[in-house]
Amino acid sequence: MWVDEWEPALESALTDLERCVRLQQQGWRQDRESWQQQLTQAQQREAELCAQIEKLVIQLNSMDASPERNPLVQRIKMIGAYIDALAKDASAFSRSLP
């Protein structure tokens, strides 16, 4: 009789636990989907930035003037360094995802 008295409470507790687990799993799924979307966007941006760097490098290599004296080239190098830093950040973000 003692087990019969506790059975409804145990069933209720198990039901509550299952509900909590389902809600947590749903939250994890949503987080994963959001992170996956962010990763995809970061990878696309990284690809765009790499293409832009490549284009700028080609333009830079085709210039006749010394790069050290050309202010446009100096700006391109600065932008290239910034883009490289962004690409590294995107890569580090990608590696940090489960």
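This structure is a prediction, so every number in the text was calculated from the model and none was measured.

Novice: Can you walk me through a nonpolar patch on the surface in this structure?
Specialist: Together, Trp2, Val3, Trp6 and Leu10 line one region of the surface with nonpolar side chains, adding up to about 510 Å² of accessible area. Here tryptophan 6 is to be found in helix 1 (residues 2-61). For tryptophan 6, a relative accessible area of 45% gives the class partly exposed.

Novice: Sorry if this is basic, but what is going on with helix 1 here?
Specialist: Residues spaced three or four apart along an α-helix face the same direction, because each turn holds 3.6 residues. Between its first and last C-alpha atoms helix 1 spans 86 Å; for 60 residues at 1.5 Å apiece the expected length is 88 Å, and the two agree. Of all bends in helix 1, the biggest is about 30 degrees, found at proline 8. Contacts from the buried residues of helix 1 go to helix 2 (71-96).

Novice: Any chance you could explain the packing of helix 1 against helix 2 here in plain terms?
Specialist: What describes two packed helices is the angle between their axes and the distance between those same axes. Interhelical geometry of helix 1 versus helix 2 gives an angle of 155 degrees and a closest axis separation of 9 Å. Judged by the inter-axis angle, helix 1 sits roughly antiparallel to helix 2. With respect to the hand of their crossing, helix 1 and helix 2 are arranged in left-handed fashion. In this structure, helix 1 contributes Trp35, Gln38, Leu39, Ala42, Gln43, Glu46, Leu49, Gln52, Ile53, Leu56 and Leu60 to the contact, and helix 2 contributes Val73, Ile76, Gly80, Ile83, Asp84, Leu86, Ala87, Ala90, Phe93 and Ser94.

Novice: Looking at this model, I keep getting lost on a negative patch on the surface. Mind explaining?
Specialist: A contiguous patch of negative charge, built from Asp4, Glu5, Glu7, Glu11 and Glu18, is present on the exposed surface. By secondary structure assignment, the location of glutamate 5 is in helix 1.

Criteria and cut-off values
- Residues numbered from 1 in each chain as written.
- Predicted model: local features only at pLDDT ≥ 70, side-chain atom pairs only at ≥ 80, totals over all residues.
- Heavy atoms only, no water.
- Patch = residues over 30% accessible without salt bridge, like charges linked within 9 Å, V, L, I, M, F, W, Y side chains within 5 Å.
- Areas by Shrake-Rupley, 256 points an atom, 1.4 Å probe, with all protein chains shown as cover.
- Salt bridge = Lys/Arg side-chain N within 4 Å of Asp/Glu carboxyl O.
- Helix = DSSP H or I, 4+ residues; strand = E, 2+ residues; numbered from the N terminus.
- Buried < 20%, exposed > 50% of the residue type's maximum accessible area, 1.4 Å probe, protein only.
- Expected span 1.5 Å × (residues − 1).
- Bend = angle between axes of the 7 residues up to and from the residue.
- Contact = heavy atoms within 4.5 Å.
- Axes fitted to C-alpha atoms, helices over the stretch in contact; angles between N-to-C directions.
- Parallel < 35°, antiparallel > 145°, perpendicular 65-115°, else oblique.
- Left-handed = near helix turned anticlockwise from the far one by under 90°.
- Lys, Arg positive; Asp, Glu negative; His and termini not counted.
- Charge placed at Lys NZ, Arg CZ, Asp CG, Glu CD.

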